[in-house]
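Residues per chain are reported as follows:
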Amino acid sequence: MEFKHVLPADIERTSMKIIGGELEERGITVPPENEAVVKRVIHTTADFDYAENMRFTEDACRKGIEIFQKGGVTIVTDTNMAYSGISKPSLKKLGDDAHCYMADPEIMEAAKKAGTTRAVASMEQAAKDYPDSLVYAVGNAPTALIKIAEMIEAGLRPLMVIAVPVGFVNVVESKEYLMDTCEKYGIPAIAAMGRKGGSNVAACICNALLYQASNTLDPSARGWKG
């Protein structure tokens, strides 16, 4: 058996072409400004539901790209998996950074004392550490989204929120609350509405924005062969 498209860059380009063709076959039109994000989420999950369940605040992708291009931004995730999946070369090129507090002993102790989740404690710590340069990327914990929305109501202004936790308890409601709050206060946000999402989705949305910000959306610009 002989296989075509075996080099990394060619695999990605061919995948994106297939995704574009299938979207057209399904009669789904994605706004051009959101296309890179939506296609990368589908590329990561092989799930075309994301073409219709993703919600963007006004000009969220354009604003996200501009935020990352300015540099000095720290993405805080609610899982080490999401943190691991974010492109470190892209962050370095743009002068941005990423962090995850979830395994920090101090966060575990703070959550225990407060009787809350580590995700909530992490979001609170991030707000203290990066009040003016913070992007949240949440792929697992709806409690994190609830806390972020509450902090926004109380005056916090993160640069952007990516809201894609997966699951069954408070997931749908937390996304709706977060997106409504971000729209109310003019904070750029991207969410996968409903139950679907995950750490891999949070990371790939970050990457779609980072690649556009660093002009490396084509894989060959990232040094990939093919």
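In this report, the structure presented in the accompanying data block is examined. (Residues numbered from 1 in each chain as written. Predicted model: local features only at pLDDT ≥ 70, side-chain atom pairs only at ≥ 80, totals over all residues. Heavy atoms only, no water.)

### Some remarks on the pairing of strand β4 (residues 134-138)
Line of reasoning, step 1. With five of five residues buried, β4 lies mostly within the body of the structure.
Line of reasoning, step 2. Because side chains alternate across β4, one face comprises the buried residues Leu134, Tyr136 and Val138, and the other comprises Val135 and Ala137, equally buried.
Line of reasoning, step 3. Sheet topology places β4 next to strand β5 (residues 160-163); four bridges connect them, and they run parallel. Each bridged residue has a counterpart across the sheet, and for Val138 the counterpart in β5 is Ala163.
Line of reasoning, step 4. A crossover links β4 with its parallel partner β5, the connecting element being helix α9 (residues 142-153), and its sense is right-handed. (Buried < 20%, exposed > 50% of the residue type's maximum accessible area, 1.4 Å probe, protein only. Helix = DSSP H or I, 4+ residues; strand = E, 2+ residues; numbered from the N terminus. Pairing = 2+ DSSP bridges. Right-handed = clockwise from strand over helix to strand, strands pointing away.)

### Some words on the packing of helix α7 (residues 105-114) against helix α8 (residues 118-129)
Line of reasoning, step 1. Direction vectors running N to C along α7 and α8 enclose 115°, while the axes themselves pass 8 Å from each other. Considered as vectors, α7 and α8 are oriented roughly perpendicular to each other. Crossing hand, α7 versus α8: right-handed. Counting all contacts with α7, which are made through Ile107, Met108, Ala110 and Ala111, the residues of α8 involved are Arg118, Ala121, Ser122 and Gln125.
Line of reasoning, step 2. When its residues are assigned to classes, the contact of α7 with α8 shows five nonpolar, two polar and one charged. (Axes fitted to C-alpha atoms, helices over the stretch in contact; angles between N-to-C directions. Parallel < 35°, antiparallel > 145°, perpendicular 65-115°, else oblique. Left-handed = near helix turned anticlockwise from the far one by under 90°. Contact = heavy atoms within 4.5 Å. Nonpolar A, V, L, I, M, F, W, Y, C, P; charged D, E, K, R; others polar.)

### Details of the sheet that holds strand β6 (residues 189-192)
Line of reasoning, step 1. An order of β1-β6-β5-β4-β2-β3 is seen for the six strands of this open sheet, with the pairing classed as mixed. In the strand order of this sheet, the two ends are held by β1 (54-56) and β3 (97-100), each with one partner. With direction set aside, neighbouring strand axes in the sheet form an average angle of 15°.
Line of reasoning, step 2. Contacts between α9 and the sheet are confined to β4 and β5, with β4 contributing the most and set at about 150° to the helix.

### Observations concerning the environment of Ile42
Line of reasoning, step 1. Residue placement: Ile42 occurs in helix α2 (residues 35-45).
Line of reasoning, step 2. Taking the relative accessible area as the measure of exposure, Ile42 reaches 1% and is therefore buried.
Line of reasoning, step 3. Separated by ten residues in sequence, Ile42 and Glu52 have C-alpha atoms that sit 11 Å apart.
Line of reasoning, step 4. In this view, Ile42 contacts Ile19, Leu23, Asp47, Phe48, Tyr50 and Ala51; residues no more than four positions away in its chain are not counted.

### What to know about the packing of α9 against helix α10 (residues 171-185)
Line of reasoning, step 1. Direction vectors running N to C along α9 and α10 enclose 25°, while the axes themselves pass 9 Å from each other. Taken as axis vectors, α9 and α10 run roughly parallel relative to one another. When the axes of α9 and α10 are compared, the crossing they make is left-handed. Side by side, α9 and α10 meet where Pro142, Leu145, Ile146, Ile148, Ala149, Glu150, Ile152 and Glu153 of the first sit next to Val171, Ser174, Lys175, Tyr177, Leu178, Thr181, Cys182, Lys184 and Tyr185 of the second.
Line of reasoning, step 2. Within the contact of α9 with α10, the residues separate by chemical class into eleven nonpolar, two polar and four charged.

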